[in-house]
Amino acid sequence: LTHEDRFGQTPNWLGEGLRRSMLNFLEGRGLTLDVRQWFDCPAPKPQVASNWLKRLLKNRHQKDDPQIERRFVWLGNAPAYTGSGKRRRFMLPGKTSAPSFTLKETEAQWLADLIEQSSPRLNRSAPYPLIRQAAATFPGSQKEFATFMASPAWSRIRSAGLLLV
């Protein structure tokens, strides 16, 4: 790579290979191929072991700790909730499934607001919400918030696209 390639703009051959690989990844194709095959010219060998990500995911914490300060980012589709009275059916439509669960009316509204605030926008004036900010607005105590974060509904929400970064 030249100095301009390393410190200036992304070289065209690299950008095109990244574009192709990302499109195929999003469509679930070519996931087992050597990543170098996506580029039109020789690319360096990956610097991480082929099982690095699998090991990393295996060792991650299964439960979210409300004491560890991170920000929420929502990568899923827009949620919907239906029902009347004290309970709402909350749905998170995705490409392959639409997880749903029942929440108290106040929790459903809180979750919809959290997802809205956590969604990427072009003209973002406020930072993504922190866990402590979400806990402060949760319709219940800190203990109830921690319990909610350990619930099956929370697991579905996380799987549908709510990241903690």
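Above this text is the structure in question.
Residues numbered from 1 in each chain as written. Predicted model: local features only at pLDDT ≥ 70, side-chain atom pairs only at ≥ 80, totals over all residues. Heavy atoms only, no water.

Peer 1: How do you make sense of the packing of aromatic side chains when you look at a structure like this?
Peer 2: Aromatic rings considered in pairs are described by the distance between their centres and by the relative angle of their planes. A full pass over the atoms with the stated rule returns 9 aromatic pairs. Measuring from ring centre to ring centre gives 5.8 Å for Phe-148 and Trp-154, while their planes differ by 65°; the resulting arrangement is edge-to-face. A single burial state applies to Phe-148 and to Trp-154, both of which are buried. (Phe/Tyr/Trp six-rings, centres within 6.5 Å; stacked < 30°, edge-to-face > 60°. Buried < 20%, exposed > 50% of the residue type's maximum accessible area, 1.4 Å probe, protein only.)

Peer 1: Looking at this model, I keep getting lost on the pattern of salt bridges. Mind explaining?
Peer 2: Side chains that carry opposite charge are capable of pairing whenever their charged atoms lie near each other. On inspection of all chains with the given rule, the structure shows 6 salt bridges. Across the pair Asp-34 and Arg-36 runs a salt bridge, and its minimum N-O distance is 2.7 Å. According to the relative accessible area criterion, Arg-36 is partly exposed, its value standing at 32%. Here the residues in one salt-bridge network are Asp-64, Arg-70 and Arg-158, joined through shared partners. (Salt bridge = Lys/Arg side-chain N within 4 Å of Asp/Glu carboxyl O.)

Peer 1: Please explain the pairing of strand 3 (residues 87-91) as it appears in this structure.
Peer 2: Here strand 3 shows a buried face lined by Arg-88 and Phe-90 and an unburied face lined by Arg-87, Arg-89 and Met-91. The pairing of strand 2 (residues 80-82) with strand 3 spans 3 bridges and is classified as antiparallel. Paired with Thr-82 across the strands is Arg-89, a residue of strand 3. Turn length for the strand 2-strand 3 hairpin, with the two strands adjacent in sequence and antiparallel, is 4 residues, and the turn residue Gly-83 shows positive phi of about 115°. Here strand 3 runs beside strand 4 (residues 100-104); their pairing, made up of 5 bridges, is antiparallel. In the sheet register, Arg-88 faces strand 4, and the bridge partner there is Leu-103. (Helix = DSSP H or I, 4+ residues; strand = E, 2+ residues; numbered from the N terminus. Pairing = 2+ DSSP bridges.)

Peer 1: Whenever I open this one, a nonpolar patch on the surface confuses me. Can you help?
Peer 2: Taken together, Met-22, Phe-25, Leu-26 and Leu-31 make up a surface patch of nonpolar side chains, about 440 Å² in accessible area. Structurally, the position occupied by Leu-26 is in helix 2 (residues 12-26). Overall, the relative accessible area of 54% leaves Leu-26 in the exposed class. (Patch = residues over 30% accessible without salt bridge, like charges linked within 9 Å, V, L, I, M, F, W, Y side chains within 5 Å. Areas by Shrake-Rupley, 256 points an atom, 1.4 Å probe, with all protein chains shown as cover.)

Peer 1: Before we go on, may I ask you to explain the sheet that holds strand 3 in this structure?
Peer 2: One key point about sheets: their strands pair by backbone hydrogen bonds, in either a parallel or an antiparallel sense. Pairing within the open sheet is antiparallel, and its 3 strands lie in the order 2-3-4. Here the strands that pair on one side only, and so sit at the sheet edges, are strand 2 and strand 4. When the angles between neighbouring strand axes are averaged without regard to direction, this sheet yields 30°. Most of the contacts of helix 4 (residues 105-118) go to strand 4, to which it runs at about 115°, and overall it touches strand 2, strand 3 and strand 4. (Axes fitted to C-alpha atoms, helices over the stretch in contact; angles between N-to-C directions. Contact = heavy atoms within 4.5 Å.)

Peer 1: Quick question: what am I supposed to make of the side chain of Arg-88 here?
Peer 2: With respect to the element layout, Arg-88 can be found in strand 3. A polar contact of 3.2 Å, which involves the side chain of Arg-88, links it to the backbone oxygen of Gly-85. In this structure the side chain of Arg-88 is engaged in a polar contact, spanning 3.0 Å, whose partner is the side chain of Glu-105. Excluding residues that lie within four positions of it along the chain, Arg-88 makes contacts with Tyr-81, Thr-82, Gly-83, Phe-101, Thr-102, Leu-103, Glu-105 and Ala-108. (Polar contact = N/O pair within 3.5 Å; in protein donor to acceptor, adjacent residues only side chain to side chain.)

Peer 1: Sorry, what's going on with the nonpolar core here?
Peer 2: Among soluble globular proteins, nonpolar side chains are generally buried collectively. In this structure, Phe-90 and Ile-157 are the most contacted members of the largest nonpolar core, which totals 24 residues. Contacts of Ile-157, omitting those with residues within four sequence positions, involve Trp-74, Leu-92, Phe-101, Leu-111, Phe-148 and Leu-162. (Core = buried A, V, L, I, M, F, W, Y, C linked by side-chain atoms within 4.5 Å.)

Peer 1: Looking at this model, I keep getting lost on helix 6 (residues 142-149). Mind explaining?
Peer 2: Three or four residues apart is the spacing at which side chains of an α-helix point the same way, because the helix has 3.6 residues per turn. All of the buried residues in helix 6 are Phe-145, Phe-148 and Met-149. Buried residues in helix 6, looked at end-on, bunch into an arc of 100°, giving them a common side. Looking at helix 6, the residues exposed on the side facing more than 90 degrees away from the buried face are Lys-143 and Thr-147. (Arc of directions from axis to C-beta.)

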